[in-house]
Amino acid sequence: AVMPIHITEFFATKKTCSPDRLKHMRSILSAIFLAAIENDLCYKNPVAHAQWISEAEKRTPTIYDDEQIQAAVDYLSEHLPEAALMLETGIRRGEMCGLMWADYDRDNRTLSINRSIAVGANGERIEERPPKWGSYRTIPLSKVAVRILEAQPQSSLYIFPNRSGQPSNPNSWSQKFTRHIKAMQAETGLPELRPHDLRKTYGTALRRKGVDIYTIQKLLGHKDITVTTEVYVANEVAVLRENL
């Protein structure tokens, strides 16, 4: 029988993985054992109380300042417009992949977040899910964001579809994103960043403009206000220092 100590021993071999990756592994393992319980193959979930520790060095997110945001939006609008839109709206990668033209209100200049595209357990099949934490929301669009959307061909129900007109695989899109960011870095000298850094940059930029933390929480769709605080507080210190 598989016991909690066995799960803990397994995680002990994965210490070099990041906390997020370990959490993902734990979620998958837990789902497997819950399914086993439902099918009377076991009676307890050994993952429930298993311990794990990550020794991976925590990565400091890359946060662009206003000048860098402008340069990045100018470049990405031409080469990877969905990434430029993410910089202008703070939406998650999966939410971007799931955007449909029906979510775009041209008259009111808003974008509704109604779904998220995720990769299934097999790593290939994609599936439509509610936004993370059920964070359905409507985001007001900047003139730049409207211009990005208006420039996209309406050849599919989705705003940024794959070549078959279906939602993009978020993992495959991240690989494409990395290639474009490296090219952008080579051409503009901008620091390299990851997809989630677009979201953190957006939240931090809002705070620099004086937007209150509760509004930022709603726009980003965070479940907990403390998560929102973590987005900008470290960078706010640097902003305060510049103004002293």
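Conventions and cut-offs
- Residues numbered from 1 in each chain as written.
- Predicted model: local features only at pLDDT ≥ 70, side-chain atom pairs only at ≥ 80, totals over all residues.
- Heavy atoms only, no water.
- Salt bridge = Lys/Arg side-chain N within 4 Å of Asp/Glu carboxyl O.
- Helix = DSSP H or I, 4+ residues; strand = E, 2+ residues; numbered from the N terminus.
- Buried < 20%, exposed > 50% of the residue type's maximum accessible area, 1.4 Å probe, protein only.
- 1 Å grid on protein atoms, 1.4 Å probe; cavity = no way out; pocket = protein on both sides within 12 Å on 5 of 7 lines; lining within 4 Å.
- Points joined across faces, edges and corners; volume = space filled by probe spheres on them.
- Nonpolar A, V, L, I, M, F, W, Y, C, P; charged D, E, K, R; others polar.
- Expected span 1.5 Å × (residues − 1).

A. Broad picture of the pattern of salt bridges. For the coordinates displayed, the defined rule picks out 10 salt bridges. In this structure, the salt-bridge partner of arginine 208 is aspartate 66, at a minimum N-O distance of 2.6 Å. Here arginine 208, found in helix 8 (residues 195-208), pairs with aspartate 66, found in helix 3 (residues 66-79); they are 142 residues apart in sequence, far enough to count as distant. The exposure class of aspartate 66 is partly exposed, given its relative accessible area of 43%. Salt-bridge contacts for arginine 115 lead to aspartate 103; the nearest nitrogen and oxygen are separated by 2.5 Å. Taken together, the positions of arginine 115 in the loop between strand 2 (110-113) and strand 3 (116-119) and aspartate 103 in the loop between helix 5 (93-97) and strand 1 (104-105) put the pair 12 residues apart, joining distant regions of the chain. Both residues of the pair, arginine 115 and aspartate 103, count as buried. Beyond isolated ion pairs, a larger network of salt bridges with shared partners links Arg92, Glu95 and Arg137.

B. Layout of the layout of surface pockets. Space inside the second largest pocket adds up to approximately 320 Å³. For the second largest pocket, the lining is made up of 14 residues, of which Leu87, Glu88, Ser142, Tyr202 and Lys209 are closest to its centre. The set of elements that each furnish at least two residues to the lining of the second largest pocket consists of helix 3, helix 4 (81-89) and helix 8. Take the lining of the second largest pocket: its biggest share by element is 4 residues, from helix 3. For the lining of the second largest pocket, the per-class residue count stands at 9 nonpolar, 2 polar and 3 charged.

C. Seen up close, helix 8. The end-to-end C-alpha separation of helix 8 is 21 Å, in line with the 20 Å expected for 14 residues at 1.5 Å each. Burial of helix 8 is extensive: 10 of the 14 residues sit out of reach of the surface. Within helix 8 the residues assigned to the buried category are Pro195, Asp197, Leu198, Arg199, Thr201, Tyr202, Gly203, Thr204, Ala205 and Leu206. In the segment just after helix 8, glycine 210 is the residue with positive phi, at about 95 degrees.

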